[in-house]
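Listed here are the chains, written in short residue letters.
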Amino acid sequence: MYELQYKKKAIKALAKINDPYYSAIIQAIDELAENPRPNGYKKLTGRSGYRIRVGTYRIIYDIFDTTLIVEIVNVGSRGDIYED
């Protein structure tokens, strides 16, 4: 089982999301602790990390297999998540 860690940017982004999306996103993040490479995950091109989709939202995260950590980097809608 992987430990979940959140970057400050991800915590701020999550605070701006309302239900029902918030609950679905939190559930998807919790499931990353069990399986950090679920069906539909994608390796990002042009930068390190992975992403999964939850509706119109994207969860950007890094996997550290040696220390069993999944770090949630950012959460946001498809249009603006990749701009940083």
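See above for the structure.
Residues numbered from 1 in each chain as written. Predicted model: local features only at pLDDT ≥ 70, side-chain atom pairs only at ≥ 80, totals over all residues. Heavy atoms only, no water.

Chemist: So what's going on with the overall build of the protein chain? Residues and values would help.
Modeler: Each helix and strand in the protein chain was counted, giving two helices and five strands. Ordered by position from the N terminus, the helices and strands of the protein chain form the series β-α-α-β-β-β-β. For 84 residues, the compact-globule estimate of 2.2 N^0.38 gives 12 Å, and the protein chain sits close to it at 12 Å. Based on the C-alpha atoms only, the size of the protein chain along its principal axes is roughly 35 × 25 × 25 Å. At a minimum sequence separation of 6, the contacts of the protein chain that also span at least 24 residues come to 47%. Here the protein chain has roughly 5,400 Å² of accessible surface; of this, 49% comes from carbon and sulfur atoms. Within the protein chain, the 11 negative side-chain charges are centred at a point lying 7 Å from the centre of the 13 positive side-chain charges. (Helix = DSSP H or I, 4+ residues; strand = E, 2+ residues; numbered from the N terminus. Rg over C-alpha atoms; globule rule 2.2 N^0.38 Å. Contact = heavy atoms within 4.5 Å. Areas by Shrake-Rupley, 256 points an atom, 1.4 Å probe, with all protein chains shown as cover. Lys, Arg positive; Asp, Glu negative; His and termini not counted. Charge placed at Lys NZ, Arg CZ, Asp CG, Glu CD.)

Chemist: Mind laying out helix 1 (residues 8-15), listing which residues take part and the relevant values?
Modeler: Count 3.6 residues to each turn of an α-helix, and residues three or four apart come out pointing the same way. Every buried residue of helix 1 is listed here: A10, A13 and L14. Burial along helix 1 is one-sided: seen end-on, the buried residues are contained in an arc of 100°. Turned more than 90 degrees away from the buried face of helix 1, the exposed residues are K8, K12 and A15. (Buried < 20%, exposed > 50% of the residue type's maximum accessible area, 1.4 Å probe, protein only. Arc of directions from axis to C-beta.)

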